[in-house]
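Reading the structure
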Amino acid sequence: KMLSKALLGAAVAACVPGAFGFAPSGVSMMKTRSLTLRGPRMAGEKVGNVSELPPGERKITKVGDQDVMVVNHKGTVYALSPKCPHLGLPMKTGEISDDGPCIKCKFHGSKFKLDDGKCVEWSTGVLGIPGTQALGGFIGNVGGAKNSPATVFAVEVDENGGIVVDTSKTGKSGVAA
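Note that the structure is a prediction, hence the values are computed from the model and not measured. (Residues numbered from 1 in each chain as written. Predicted model: local features only at pLDDT ≥ 70, side-chain atom pairs only at ≥ 80, totals over all residues. Heavy atoms only, no water.)

Turning our attention to the environment of His 73. On the secondary structure map, His 73 appears in strand 3 (residues 66-73). In contact with His 73, not counting residues within four places along its chain, are Tyr 78, Ile 96, Ser 97, Asp 98, Pro 101 and Leu 114. Of note is the side chain of His 73, whose polar atom sits 2.9 Å from the side chain of Asp 98. (Helix = DSSP H or I, 4+ residues; strand = E, 2+ residues; numbered from the N terminus. Contact = heavy atoms within 4.5 Å. Polar contact = N/O pair within 3.5 Å; in protein donor to acceptor, adjacent residues only side chain to side chain.)

Shown next, in the form of structure tokens:
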């Protein structure tokens, strides 16, 4: 029974770097503002610092050859493609609402959650003009597949307040600033 516990402890140490206060070479135990990350540091690129992106602000940057919009909504930083998946139009000036939170494409009213990109409204009008819902519905049938999600990217804030975006990881975004 003692041997089983020793083997279990060794297995945990091998599978969970830092479990006993140390980590093998090449594995960091990087301290972030909100949690301790154990394992390899997220691959990605520093795109700025949280002090340069106060709540309510957003900026477009590049990570490799990928355009990325970084948004600070009420102290949570998100990273996403600045293009609407419907027709590829820019979402940089889209309204951000608290319900989700979500960003709305100002051209056709499509609305996407910032944390996972899920489409919650698809092509509800044209340029925000009242009475264009039918035209918006028609336009929603061209371009990207109906209800396509926005592309969101993994983001973290390092111990120095640096915002790091990894465009190779999609589907989840958002970290406390």
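Cis geometry marks the peptide bond from Gly 100 to Pro 101, where omega comes out at -15 degrees. Tracing the chain through its elements places Pro 101 in the loop between strand 5 (95-97) and strand 6 (102-104). With a phi close to 55 degrees, Lys 74 is a non-glycine residue in the positive phi region. Mapping Lys 74 onto the fold places it in the loop between strand 3 and strand 4 (76-80). Given the relative accessible area of 59%, Lys 74 is considered exposed. With phi around 55 degrees, Leu 127 is a residue other than glycine that occupies positive phi space. Summarising the element assignment, Leu 127 is placed in the loop between strand 8 (119-121) and helix 2 (133-139). Residue classification places Leu 127 among the exposed residues on the basis of a relative accessible area of 53%. (Buried < 20%, exposed > 50% of the residue type's maximum accessible area, 1.4 Å probe, protein only.)

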